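Breakdown of the fold
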Amino acid sequence: MSSASGHALELKGVTKRYGSFTAVEGVDIAVGRGEFLTLLGPSGSGKTTLLMTIAGFVQPTEGQVLLDGADITALPPEKRNFGMVFQGYALFPHLTVAENVAFPLRVRHMPKAEQAAKVKAALDLVQLSRFADRKPSQLSGGQQQRVALARALVFDPALLLLDEPLSALDKKLRAELQEELKALHRRVGRTFVNVTHDQEEALSLSDRIAILNHGRLVQQGSPAQLYEAPRSRFVADFLGKSNFLQGKVGEAGPEGFSIQAGSTALAVAAAARPPAGSTVLLSLRPEKVALLMPGQVADNVVNGTVESWSYLGSGFALTVATRDLGALRVNLPSWNAPFAPAEGLPVRLGWSAAAAVPVEEDMPAAA
Ligand code: ADP
Ligand code: MG
């Protein structure tokens, strides 16, 4: 099961319309062999429609689905040999764990002895061998989802498709299963396409993330690329938390440009040079803002007053009121906070010129 290196998948201009409503529009995505790709987006953004198009249950109105370069757009789902796990994917309640996992092999008329060996390997993979004779009702939700994973992998699928497989589980269990899913992906070396609306899950699991909004692919890249260099307000806001700063472009310098927000001038390090006088929007992550000690300097220094704060265990989250930039969210690791936050406390905020990245204002949604 761990020998093959997975298959490559490509979506070319995939569009799906339901009457006059466009659920997915012109999506191009290439998934490399053995890659873990996550389709991330809010509810209704077209994630399931796109996954069902890959699976073959939805026929695209336009565009193509390619597997290892071959056009499979018209191939029925049962001929695609893809494994699938869904959020509420019920196991057969009257079958044991082993019988559930054997089901896809029975359907494929695999000889019994071979079935037993495959089932054992798949159950070992998800560490559930000792529960082989139990019924699904005798397992926890997390264990049931692991059985569903074993059942989806037992027949050596070309791709594993996952639609919010962890979203029915509580937070702690979800985190555990995330780790397991990641380890599983490493062990089997297959191509995984996962759907989620949970940005933390997407960041921690994926080799690459494709972000959807209103049926359109708005940006794709590695988790770090998307987090560090979001192209739009939507991406910066959806993947993590962000402050947004707006100002008018002033002078360009060798390393970037300055912007003016009210009477506050900010230094921005960026390759792009927007025209002087134009308005730019910057995304500034809360953890990139520091509370400066007296005398401490930074590329950008802004005075403010602590409006509110909360202790989160690993750190503090502060809201700091500023004159020209509105309320800024600041996250400090608790082990490294220069002083204890307090409401009404005057503070100096500092961040580097590279910390705030120019982003596009979002396009209005297509009708
Ligand atoms: P997501 O999985 O991101 O929540 P979906 O792909 O399920 O989103 O749905 C995207 C949009 O397409 C939604 O507005 C949904 O109502 C619409 N949609 C999905 N399936 C159908 C259908 N069979 N007929 C009409 N509209 C649909
Ligand atoms: Mg969905």
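If you're wondering where the values come from, they're calculated on a predicted model, not measured in any experiment. (Residues numbered from 1 in each chain as written. Chains lettered and ligands numbered in written order. Predicted model: local features only at pLDDT ≥ 70, side-chain atom pairs only at ≥ 80, totals over all residues. Heavy atoms only, no water.)

1. Quick word on the site of ligand 1
Note the threshold: In these notes, residues near a molecule or strand are those with any non-hydrogen atom within 4 Å of it. A 3.5 Å cut-off defines polar contacts: any pair of N or O atoms within that distance qualifies, except that in protein one atom must be a possible hydrogen donor and the other a possible acceptor, and neighbouring residues in sequence count only when both atoms are side-chain atoms. Under the convention used here, a 1.4 Å probe and the Shrake-Rupley method define accessible areas, while residue burial counts only the protein chains that appear. In this classification, the charged set is Asp, Glu, Lys and Arg, the nonpolar set is Ala, Val, Leu, Ile, Met, Phe, Trp, Tyr, Cys and Pro, and all remaining amino acids, among them Gly, are polar.
Neighbouring residues of ligand 1: Tyr 18, Phe 21, Ala 23, Pro 42, Ser 43, Gly 44, Ser 45, Gly 46, Lys 47, Thr 48 and Thr 49. In this structure, an oxygen atom belonging to ligand 1 sits 2.8 Å away from a side-chain N or O atom of Thr 48. Here an oxygen atom of ligand 1 sits 2.5 Å away from a polar atom, N or O, in the side chain of Thr 49. Summarising the interface, the protein chains cover 58% of the accessible area of ligand 1, which totals 560 Å² for the free molecule. Tallied by class, residues from the shell around ligand 1 come to 4 nonpolar, 6 polar and 1 charged.

2. A look at the domain arrangement of the protein chain
To be explicit about the condition: In this entry, domain limits derive from an automatic or database-based domain assignment. Here, residues are in contact when the closest pair of their heavy atoms is within 4.5 Å. Buried area: the accessible surface (1.4 Å probe) lost by two parts on joining, summed over both.
According to the domain assignment, the protein chain consists of domain 1 (9–235) and domain 2 (238–359). Taken together, the contact pairs 17 residues of domain 1 with 12 residues of domain 2. Regarding the contact of domain 1 and domain 2, the summed buried area is about 1,300 Å², with carbon and sulfur atoms giving 61% of it. When the area that domain 1 buries against domain 2 is broken down by residue, the three leading residues are Gln 199, Tyr 227 and Arg 233, summing to 46%.

3. Some details on the sheet that holds strand β2 (residues 21–31)
Pairing between the strands of a sheet comes from backbone hydrogen bonds, and it takes one of two forms, parallel or antiparallel. Selection criterion: Whether two strands pair comes down to DSSP finding at least two bridges between them. Comment: elements are numbered from the N terminus, with helices defined as DSSP H or I runs of at least four residues and strands as E runs of at least two.
The strand order β2-β1-β4-β5 describes an open sheet built from 4 strands, whose pairing is antiparallel. At either margin of the open sheet sits one strand with a lone partner, and together these are β2 and β5 (70–71). Of the strand pairs in this sheet, strand β1 (residues 9–18) and β2 are connected by 7 bridges, and their pairing is antiparallel. Bridging across to β2, Leu 9 finds its partner in Val 31.

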